[in-house]
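Geometric and topological summary
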Amino acid sequence: MKKVVLLKGRDGALRRRNPWVFSGAISREDDGIEDGEIVAVEAVNGERLGIGHYQHGGIRVRVLHFGEEELPISEILRERLASALDLRAQLGLTADPLTNAYRLVHAAGDGLPGLIVDRYASLVVVQCHSVGMHLLKDDIATAIGELMGDEISTIYDKSANVLPERHPAENGVLLGEEITKVVVLENGRRFRVDVAGGQKTGFFLDQRDNRWLLGSYAKGKSVLNTFCYTGGFSVYALLGDAAQVQSVDLSGSAIELTTDNVSRNGDDAFAARHEAHAADVMEWLKEHAEDAAYDIVVVDPPAFAKNKHKRHKAVQAYKRLNARAMKAIKPGGLLFTFSCSRVVERQLFYDTIVAAGLEAGRECRVLHHLSQGADHPVNLYHQEGEYLKGLVVRVG
C-alpha cells in the first residue's frame, strides 16, 4: 500500500476523526499514486493514522478507516452499508407505508465519504463523488442487492456529472431492470421522480421534514414557492389546505413536473388552487410581489457557491433575494429560507438573512432553525457534512 505522509502538526484533524485529508496538510507521498487507489495516511513519525481513497485535488484522501489496522475494503464497505440500512430502520423509514423514498447512504455521515445512495421505491440510485468509490460501484451494487433483496428491482449509477472530467463515466443500470422513472410516496404525498434526467439523484430528499413543517402552517394561507423544481413545498402547502399556491421556477421542465405532481395529489378543485409560472425568480418578485401579497414565501435556491472563491458573491445574492422575498410577505407572514451551499456556513447564512431583514426594513423573528433530515446524518467529527441551512422567519 502506497503512503501519504502528513506535515508535522497537521495530523490533528485526522486524529479527531475528520475523514478529509487536504493537499495542504501533506508533506510527501509515494510516486505514482493513481486516483481511486487505496493509500495509507501516516504522521511524520511513521504512525499509521488510517487508510482511504486517494484523489488529486484539494481533498487528497477520503479516509475509510482510522487507526493502524488494515481491514479489507470489501469488509469495510459491507459493514458500513449494513449500518446505514440499520439507521434508516431505526428512523422508521424502511417499513413506513407512507414513505418509500429516503437517503440510504450520506457519505461521511455513514462512514463512506464520497458515496451517496438514495432509494426511490424499488429503484436505488448510487452517486459516487470520488473516483475510489466509483471504482467500487459494482461491489456497492452487489452489497446493496444482497442487503435489500426483493425490496428493490434496479440499482442505477448516476455519477458521470460529479466525477472529475479526467475520469469520464457513463450513467446506467448496475443491477436489475432498466428503470429510471418511478412514482414515490413521501408522507403519503405522491411525486414523480426521473433519476436519469432530474437534478441530483432525481429528488431533494433532504427537505422532507421541512416540507411537512410548511404544510402545518399553510391552512387558509397564500403561498409562493420559488425555485420550486418538483413542487414539493407546493404539494405540501396544498394538502395543508392553503387557499392559493403559486410555484415559480426558471426551468420549464420543472414547472411541468410541479404541475404533474400537483395533479397526482388531488382532483381538479385541488389543482385549481395552484398556479405555476416559468420565470426568473428575482424578476417575478419584482414584478408580482411588491404589495406584500403572500402569507408564506419559500426561498430554496440551488447552491449559489460551489467553492470559497464564489462565497462573497453568493452571500450578496442570498441577501438581495431574501430582502425582496421579505417585501412580498404580509405583516405576520412567514419566510421559509434555505441555503444548500456548503461553503456558506450556518452562522454566515444567519448573518446574511439579518442583513436582508435590515435591507427590507421589516421586523423579523426566527421561529425555527432548519437542516437536512435525519437520513442525511452528519458525522460529529465532520461538520462539513451539514450543508443544508434553513430558517423560518416571521416577518412583521
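Look a little higher up for the structure.
Residues numbered from 1 in each chain as written. Predicted model: local features only at pLDDT ≥ 70, side-chain atom pairs only at ≥ 80, totals over all residues. Heavy atoms only, no water.

Topic: the packing of helix α10 (residues 311–327) against helix α11 (residues 346–360)
Two quantities define a packed helix pair, namely the angle between the axes and the distance from one axis to the other. For clarity, the cut-off: Only the contacting stretch of a helix is used when fitting its axis, a line to C-alpha atoms as for every element, and angles between N-to-C directions run 0 to 180 degrees. Numbering of helices and strands runs from the N terminus, with a helix taken as a DSSP run of H or I at least four residues long and a strand as a DSSP run of E at least two residues long. Angles below 35 degrees are treated as roughly parallel, those above 145 as roughly antiparallel, those between 65 and 115 as roughly perpendicular, and all remaining angles as oblique. With the far helix as reference, a near helix turned anticlockwise by less than a right angle produces a left-handed crossing, and one turned clockwise produces a right-handed crossing. Here, residues are in contact when the closest pair of their heavy atoms is within 4.5 Å. Note on residue classes: Ala, Val, Leu, Ile, Met, Phe, Trp, Tyr, Cys and Pro are nonpolar, Asp, Glu, Lys and Arg are charged, and everything else, Gly too, is polar.
Following both chains from N to C, one finds α10 and α11 inclined at 45°, their axes separated by 8 Å at the closest point. In terms of orientation, α10 lies oblique with respect to α11. Judged by the sense of rotation from one axis to the other, the crossing of α10 with α11 is right-handed. Residues Arg311, Val315, Tyr318, Lys319, Arg320, Asn322, Ala323, Met326 and Lys327 of α10 form the contact with α11, whose participating residues are Leu348, Thr352, Ile353, Ala355, Ala356, Gly357, Glu359 and Ala360. For the contact of α10 with α11, the residue count by class is 9 nonpolar, 3 polar and 5 charged.

A word on the packing of aromatic side chains
The following threshold applies: Two rings from Phe, Tyr or Trp (for Trp, the six-membered ring) form a pair when their centres are within 6.5 Å of each other. A pair whose planes differ by under 30 degrees is stacked, one over 60 is edge-to-face, and the rest are tilted. Buried residues are those whose accessible area, probed at 1.4 Å on protein chains only, stays under 20% of the maximum for their type, while exposed residues exceed 50% and partly exposed ones sit between those limits. By definition here, charges over rings are those cases where NZ of Lys or CZ of Arg is within 6 Å of the ring centre and within 35 degrees of the ring normal.
Applying the stated criterion across every chain, the model contains 8 aromatic pairs. Ring geometry for Phe191 against Tyr236: centres 6.4 Å apart, planes inclined by 10°, an arrangement best described as stacked. Placement of Phe191 in strand β13 (residues 189–194) and of Tyr236 in helix α6 (residues 232–239) is noted, with a sequence separation of 45 residues between them. Residue Phe191 is classed as buried on the basis of its relative accessible area, which comes to 0%. A relative accessible area of 0% means that Tyr236 is categorised as buried. Pairing Tyr217 with Phe336 gives two aromatic rings, centres 6.2 Å apart and planes at 70°, and the pair type is edge-to-face. Here the residue Tyr217 occupies a position in helix α5 (residues 208–217), and Phe336 occupies one in strand β18 (residues 329–339), the gap between them amounting to 119 residues. Looking at Tyr217, the relative accessible area reads 28%, which means it is partly exposed. Lying across the ring of Tyr236, Arg189 places its NZ or CZ 4.8 Å from the centre.

Details of the environment of Leu81
Tracing the sequence through the fold places Leu81 in helix α2 (residues 73–90). Residue class for Leu81 comes out buried when judged on its relative accessible area of 3%. Along the sequence, Leu81 and Val105 sit 24 residues apart, while their C-alpha atoms lie 7.3 Å from each other. With residues near it in sequence (within four places) discarded, Leu81 still touches Val105, Leu112, Ile140, Ala143, Ile144 and Leu147.

Digging into a nonpolar patch on the surface
Just so we agree on the cut-off: Residues enter patches when they are more than 30% accessible in relative terms and free of salt bridges; like-charged ones are connected within 9 Å and nonpolar ones (Val, Leu, Ile, Met, Phe, Trp, Tyr) within 5 Å. Here the open area of atoms and residues is found with the Shrake-Rupley method and a 1.4 Å probe, where only the protein chains shown may cover a residue. Just to be clear on terms, a salt bridge is a Lys or Arg side-chain nitrogen sitting within 4 Å of an Asp or Glu carboxyl oxygen.
A cluster of nonpolar side chains, contributed by Tyr350, Val354, Leu358 and Val366, occupies part of the molecular surface with about 350 Å² of accessible area. The leading source of residues in the nonpolar patch is α11, at 3 residues. Mapping Leu358 onto the fold places it in helix α11.

Examining the pattern of salt bridges
Under the counting rule described, the total for this entry stands at 22 salt bridges. The partner of Glu37 in a salt bridge is Lys2, and the shortest N-O contact between them spans 3.8 Å. Note that Glu37 is positioned in the loop between β3 (26–29) and β4 (38–42) and Lys2 in strand β1 (residues 2–6), a separation of 35 residues in sequence. The shortest N-O distance in the salt bridge between Asp35 and Arg166 comes to 2.8 Å. Of this pair, Asp35 sits in the loop between β3 and β4 while Arg166 sits in the loop between β10 (154–157) and β11 (172–176), and the two are 131 residues apart along the sequence. By relative accessible area, which is 12% here, Asp35 ends up buried. Arg166 gets classed as partly exposed once you look at its relative accessible area, which sits at 48%.

So, helix α7 (residues 252–263)
Here is the rule we go by: The span expected for a helix works out to 1.5 Å for each residue beyond the first.
Along its 12 residues, α7 runs 17 Å from first to last C-alpha, staying within 8% of the 16 Å computed at 1.5 Å per residue. Those residues of α7 that are buried lie in contact with β13, α6, β15 (244–249), α8 (268–271) and β16 (274–278).

So, the pairing of strand β12 (residues 181–186)
To keep it simple, the criterion reads: For two strands to be treated as a pair, DSSP must find no fewer than two bridges joining them.
As judged from the 6 bridges shared by β12 and β13, these two strands associate in the antiparallel manner. Of the residues in β13, the one forming a bridge with Glu186 is Arg189. Taking the residues that link successive antiparallel strands as the turn, the β12-β13 hairpin has 2 residues, and the phi of Asn187 there is positive, at about 50°.

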